[in-house]
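Examination of the molecular architecture
Here are the chains, one letter per residue:
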Amino acid sequence: MAFIRKKQQEQQLQLYSKERFSLLLLNLEEYFFEQHTAHHIQHKGSQKERRVRGSLKICSKSVIFEPDAISQPIIKIPLRDCIKIGKHGENGTNRHFAKAKSGGISLIFSQVYFIKEHNIVAPYKIERGRMEYVFELDVSGKVEDVVETLLQLHRASCLDKLGDQTAMITAILQSRLARTSFDKNRFQSVSEKLHMECKAEMVTPLVTNPGHVCITDTTLYFQPLNGYPKPVVQITLQDVCRIYKRRHGLMPLGLEVFCTEDDLCSDIYLKFYDPQDRDELYFYIATYLEHHVAERTAESYTLQWQRGHLSNYQYLLHLNNLADRSCNDLSQYPVFPWIISDYCSSELDLSNPGTFRDLGKPVGALNKERLERLLERYQEMLEPKFMYGSHYSSPGYVLFYLVRIAPEYMLCLQNGRFDNADRMFNSIAETWKNCLDGATDFKELIPEFYGDDVSFLVNSLKLDLGKRQGGQMVDDVELPPWARIFHPLTYEGGVDLNSIEDPDEKVAMLTQILEFGQTPKQLFVTPHPQRITEKFKSLPQTSCDSVSIADSPGEESFEDLTEESKKLAWNNIAKLQLHEQHKLHKEAVTGIAVSCNGSSVFTTSQDNTLKMFSTESKMLQRSISFSDMALSSCLLLPGDDTVISSSWDNNVYFYSIAFGRSQGTLMGHDDAVSKICWHDNRLYSASWDSTVKVWSSVPAEMIGTKRHQFDLLAELEHDVSVDTISLNAASTLLVSGTREGKVTIWDLTTATILHQIQCHSGTVCDTAFSPDSRHVLSTGEDSCVNVIDVQTGMLISSMTSDKPQRCFIWDGNTVLSGSQSGELLVWDLLGGKLCERIQGHKGAVTCIWMNEQCSSIITGGEDRKIMFWKLQY
């Protein structure tokens, strides 16, 4: 996973430098300044004198000597343990500054560390007592400067207060950076144009490396002050996919650059000394990116996850990323939750709710008894109070899990030691139990537990991690009983027969493989796709013998075809083209309804009229006026016999198409009726009188009349005028939008509010459920396009347009909206962006209609026109 890939990147850089040395040999918050080719002179002046060639590295808190021969250990001498530093063989008070031809540097100290002898990663060996080491530089002329630097750093290390030490070392670092600059000879091309240069540090897990950042018109460069692990790191700007501002040490100083789209492992993480430098570099790269989109919000990722476009794993990675968590910063390493709570059973029962951890609570609250003890302690605690004494994620916890693949990081964090063997990550079951019951253990998991690389569970490096109290050595992590697999010998690659030299052992192993059985070769590395099956419409019940070939349903009877055609239409919605237009009204069009066969279009308008237009003859067939006030919306009842219109005169009018006359009036409100909906013999009417009313239609044959009669079933009360309503597909939910910007989701089975969200400033223009009823989209006078999660009531996406979107249609992923500007706008909700602008009306688009196949669209506008649109594939 992330850390494993990051470690592989660092190993590749070390291959470049061919060194055993790494910055992990330094203490935390220590800097590597410079290095010199030198010899370690052992037993100077005696018959046993020996010269060991290597590299002397000057660091802010230590001196490190790396021998060329890997059989020799790396030597680390802490400066705070140094007693004397100077030129070898000189005496007197001025010996540190005397001119001499000798290239020897003498260090007298009380403690030294020996590391990676024979290149084996193991706890550091420590030798104590008064000792003198002599290092002879190849370039003797540099001895004076090196000694002076060591004396200066020694003084810093010996200061009593840690803050004073840090301040002095920082001053030394900044002085070195000020005396140097980026080497322009490192540019990839002589034609590159410099944009900016500044000081910064490259951040990797547990360490930072100071240097110079330089950005040109084509490339981002970082040149380490010490030239380690390579002289310059470069990233071509055209390869950059994402950039993020980061907090580092809770300060707005970080910048992380990615050249991949979905990877948590970045290509470079920079920490700046000045926030303005960080911001200038960020905006320069952002401007360069041709398709750069502002950083995604958590809500937009939530929408993608809910629509099935992101897996749980990808979703959590994105949320960690947005929360400033990075695999480069172990103090902010990505967090993944414990999911399973059963680590004892031989088989995992996924149908049992008890198998799973309660994700509604943090780890610290899962054990009721422990939680009560924590609350009791909290009540008795003096200010500042806190509930948990340890965090759910920390560098120590991350390396607790990863020590088997990242031992050098653990040694760096713990001053050259592994943790006690009984406190190591020995068993998943033990770790879970301790997180559940331990007084101070509340840690969650890391992404590696849910990735496809399980190497962190195996001691493949054969590390000596110690012996437990029971006598057993710490080796591979013990898995739960339900995690056992077939025997490893049954898998391809489980054993290398060619590597077995003993002929008896080889025959025995082959026999065991043949007798035990073999697991088939793995063909697929992802879940197998489902079979595509033809779904038939229901046929009349009949015997099998009586069904002939001719009775079989034709190709058009496959249920999948409608869905496929809809999907195809929405994928091409940006290719919408104007087919024809007609000016029918004297004022703005407010509603559109179309007969099932598409031959008749009914429209309402603020000019008080209901019009009937023939799509075949292209002529207006009828014009009906019910009152002297504007009509606000219209709809056709099933059967296409009756059209209903709502009016600003507080009434709802019923018009018989067959008889060409009014069939009645519903006087149900105390103010204008703004919108009406119909489903299953129920009428839903919204009004400026702050109510939405639900009416039940009484069949005409029951009351002995041809006129419609309605009984009031429910009254949904609001605080202010209701301007729009919409039903979900099953008519179990209703969403309403008010003049003050509130969106309310109602449960129609109980006539109660599920959620009420203040998501607009100003009137809500339009609302609608997604086809699967999981989301609500709303547009408002504030020019916002918002998506609400129906289950939680959370606003999960918000986009802003230049003008208010007066009306819209959508499929759950893509939105086609009618703008105040007269344009039709295509929005990609998952991408969080506006995709297309289509020129349309002169004046606002006020209403929009789409047929069931999603192939034809009709819009109405303030320009008094209706426009017919067709999709061009």
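Residues numbered from 1 in each chain as written. Predicted model: local features only at pLDDT ≥ 70, side-chain atom pairs only at ≥ 80, totals over all residues. Heavy atoms only, no water.

1. Examining the overall build of the chain
Scanning the chain from N- to C-terminus turns up 13 helices and 42 strands. Each of the 873 residues in the chain was classed as buried or not, and the buried ones make up 50%. Considering only contacts in the chain between residues 6 or more positions apart, those separated by 24 or more positions represent 51%. Approximately 43800 Å² of the chain is accessible, and the part contributed by carbon and sulfur atoms is 50%. (Helix = DSSP H or I, 4+ residues; strand = E, 2+ residues; numbered from the N terminus. Buried < 20%, exposed > 50% of the residue type's maximum accessible area, 1.4 Å probe, protein only. Contact = heavy atoms within 4.5 Å. Areas by Shrake-Rupley, 256 points an atom, 1.4 Å probe, with all protein chains shown as cover.)

2. A look at the sheet that holds strand E13 (residues 251–258)
One open sheet holds the seven strands; their spatial order is E11-E10-E9-E8-E14-E13-E12, and the pairing between them is antiparallel. Since the sheet does not close on itself, it has two edges, and those belong to strand E11 (233–236) and strand E12 (242–248), each with one partner. Neighbour-to-neighbour, the strand axes of this sheet turn through a mean angle of 30°, independent of strand direction. Pairing of strand E8 (residues 194–204) with strand E14 (residues 268–272) involves three bridges; the strand directions are antiparallel. The residue bridging Ala 200 from the neighbouring strand is Phe 272, located in E14. (Pairing = 2+ DSSP bridges. Axes fitted to C-alpha atoms, helices over the stretch in contact; angles between N-to-C directions.)

3. Some words on the nonpolar core
Within the largest apolar cluster, 50 residues are counted, with the highest numbers of intra-cluster contacts made by Phe 21, Trp 338, Tyr 401, Leu 402 and Phe 425. Within the residue set of this core, elements represented by two or more residues are strand E6 (104–115), helix H8 (395–402), helix H9 (407–413) and helix H10 (428–437). For this core, the element with the highest residue contribution is H8, accounting for five residues. When sequence neighbours within four positions are dropped, the list of residues in contact with Phe 425 reads Phe 400, Tyr 401, Arg 404, Thr 431, Phe 449, Phe 456, Leu 457 and Val 477. (Core = buried A, V, L, I, M, F, W, Y, C linked by side-chain atoms within 4.5 Å.)

4. Observations concerning helix H5 (residues 298–306)
By the burial criterion, the buried members of H5 are Ser 300, Tyr 301, Thr 302, Leu 303, Gln 304 and Gln 306. Its buried side turned inward, H5 meets E12, helix H6 (312–322), strand E33 (775–780), strand E34 (784–789) and strand E35 (795–800). Following H5 by one or two positions, Gly 308 has its phi on the positive side, about 85°.

5. Description of the sheet that holds strand E23 (residues 661–667)
Read across the open sheet, the four strands follow the order E20-E21-E22-E23; overall the sheet is antiparallel. On the outer flanks of this sheet lie strand E20 (631–636) and E23, each paired with one strand and no other. For this sheet, the mean angle separating the axes of adjacent strands, direction not counted, is 20°. Here strand E22 (residues 651–656) runs beside E23; their pairing, made up of six bridges, is antiparallel. Across the sheet, Tyr 655 pairs through a bridge with Ser 662, a residue of E23.

6. Structural notes on the pattern of salt bridges
Inspection of every chain in the model, using the stated rule, returns 27 salt bridges. Close ionic contact of Glu 823 with Arg 837 constitutes a salt bridge, the shortest N to O distance being 2.8 Å. Here the residue Glu 823 occupies a position in the loop between strand E37 (814–819) and strand E38 (824–828), and Arg 837 occupies one in strand E39 (residues 833–838), the gap between them amounting to 14 residues. Arg 837 sits in the partly exposed class, given a relative accessible area of 34%. What emerges from the salt-bridge pattern is a single network uniting Arg 246, Arg 247, Glu 256 and Asp 324. (Salt bridge = Lys/Arg side-chain N within 4 Å of Asp/Glu carboxyl O.)

7. Topic: the packing of aromatic side chains
Inspection of every chain in the model, using the stated rule, returns 31 aromatic pairs. Judged by centre distance (5.1 Å) and plane angle (65°), the ring pair of Phe 21 and Phe 32 falls under edge-to-face. With Phe 21 in the loop between helix H1 (2–17) and strand E1 (32–42) and Phe 32 in strand E1, this residue pair connects regions lying 11 residues apart in the sequence. Look at Phe 21 and you get buried, because its relative accessible area is 0%. Taking 6.1 Å as the distance between ring centres and 40° as the angle between the ring planes, the aromatic pair formed by Phe 613 and Phe 868 counts as tilted. Of this pair, Phe 613 sits in strand E18 (residues 609–614) while Phe 868 sits in strand E42 (residues 865–871), and the two are 255 residues apart along the sequence. Above the ring of Tyr 378, the side-chain terminus of Lys 385 is found at 5.3 Å from the ring centroid. Just above the ring of Tyr 397 sits the side chain of Lys 443; from NZ or CZ to the centre is 5.0 Å. (Phe/Tyr/Trp six-rings, centres within 6.5 Å; stacked < 30°, edge-to-face > 60°. Lys NZ or Arg CZ within 6 Å of the ring centre and 35° of its normal.)

8. Here's the deal with the pairing of strand E17 (residues 600–605)
Every regular strand shows the same layout, with side chains that alternate between the two sheet faces. For E17, a buried count of six out of six residues is recorded, marking the element as mostly surrounded by other parts of the structure. Pairing of strand E16 (residues 589–594) with E17 involves five bridges; the strand directions are antiparallel. In the strand pairing of E17, Val 594 is matched with Val 601. Taken together, E16 and the strand that follows it, E17, pair antiparallel across an intervening segment of five residues, in which Gly 598 is found at a positive phi of about 75°. Sheet analysis places E17 next to E18, joined by five bridges and oriented antiparallel. Note on E18: the bridge partner recorded for Val 601 is Phe 613. Linkage of E17 to E18, two consecutive antiparallel strands, is achieved through a turn of three residues, within which Asn 608 is found at a positive phi near 80°.

9. Things to note about the packing of H5 against H6
Interhelical geometry of H5 versus H6 gives an angle of 180° and a closest axis separation of 10 Å. Taken together, the axis directions place H5 and H6 in an arrangement best described as roughly antiparallel. Between H5 and H6, the contacting residues are Ala 298, Tyr 301, Thr 302 and Trp 305 on the first element and Asn 312, Tyr 315, His 318, Leu 319 and Leu 322 on the second. In terms of residue class, the contact of H5 with H6 is made up of six nonpolar, three polar and no charged. (Parallel < 35°, antiparallel > 145°, perpendicular 65-115°, else oblique. Nonpolar A, V, L, I, M, F, W, Y, C, P; charged D, E, K, R; others polar.)

10. Considering the side chain of Ser 674
Its location among the elements puts Ser 674 in strand E24 (residues 673–679). From its side chain, Ser 674 meets the backbone oxygen of Val 722 in a polar contact 2.7 Å long. Residues contacting Ser 674, with those up to four places away along its chain left out, are Ser 632, Ser 633, Ser 646, Ala 686, Ser 687, Trp 688, Val 722, Asp 723 and Thr 724. (Polar contact = N/O pair within 3.5 Å; in protein donor to acceptor, adjacent residues only side chain to side chain.)

11. Some points on the environment of Leu 322
With respect to the helices and strands, Leu 322 occurs in helix H6. Given a relative accessible area of 27%, Leu 322 falls into the partly exposed group. A sequence separation of 78 residues divides Leu 322 from Tyr 244, and the C-alpha atoms of the two residues are 8.4 Å apart.

12. Notes on the pairing of strand E10 (residues 219–224)
Counting buried positions along E10 yields six of six residues, so the element is predominantly enclosed. Here E10 shows a buried face lined by Thr 219, Tyr 221 and Gln 223 and a second buried face lined by Leu 220, Phe 222 and Pro 224. Where strand E9 (residues 207–216) folds back on E10, the antiparallel hairpin that results is connected by two residues. Strand direction decides the pairing type here: E10 and E11, joined by four bridges, are antiparallel. For Leu 220, the partnering residue across the bridge sits in E11 and is Ile 235.

13. Notes on the state of the cysteines
Throughout the structure, instances matching the rule amount to zero disulfides. In this structure Cys 784 is not part of a disulfide, and its nearest cysteine sulfur, from Cys 759, lies 8.7 Å away. (Disulfide = S-S within 2.5 Å.)

14. Considerations on the environment of Leu 411
Tracing the backbone shows Leu 411 in helix H9. Accessibility expressed as a relative area gives 3% for Leu 411, which makes it buried. Filtering out sequence-adjacent residues up to four positions away, Leu 411 remains in contact with Val 121, Ala 122, Pro 123, Tyr 124, Gly 416, Arg 417 and Phe 418.

15. With respect to the confidence of the model for the chain
Taken over all residues, the pLDDT of the chain has a mean of 86, while the share at 70 or more is 86%. Between residues 92–101, whose pLDDT stays under 50, and residues either more than four places distant or in other chains, the model counts 21 contacts. Segment residues 515–559 is flagged for pLDDT under 50; beyond a separation of four residues in sequence, or across chains, it makes 24 contacts in the model. (pLDDT = per-residue confidence, 0-100.)

16. Remarks on the side chain of Ser 646
Summarising the element assignment, Ser 646 is placed in strand E21 (residues 642–647). A distance of 2.6 Å separates polar atoms of two side chains, one belonging to Ser 646 and the other to Ser 632. Beyond its immediate stretch of four places on either side in the chain, Ser 646 contacts Leu 631, Ser 632, Ser 633, Asn 651, Val 652, Val 673, Ser 674, Lys 675 and Ile 676.

17. Let's talk about the environment of Ser 798
Tracing the sequence through the fold places Ser 798 in strand E35. The exposure class of Ser 798 is partly exposed, given its relative accessible area of 43%. For Ser 798 and Val 785, which are 13 residues apart along the polypeptide, the C-alpha to C-alpha distance reads 5.6 Å. When near neighbours in sequence (up to four residues on either side) are disregarded, Ser 798 contacts Cys 784, Val 785 and Asn 786. Within the structure, the side chain of Ser 798 is placed 2.6 Å from the side chain of Asn 786, a separation counted as a polar contact.

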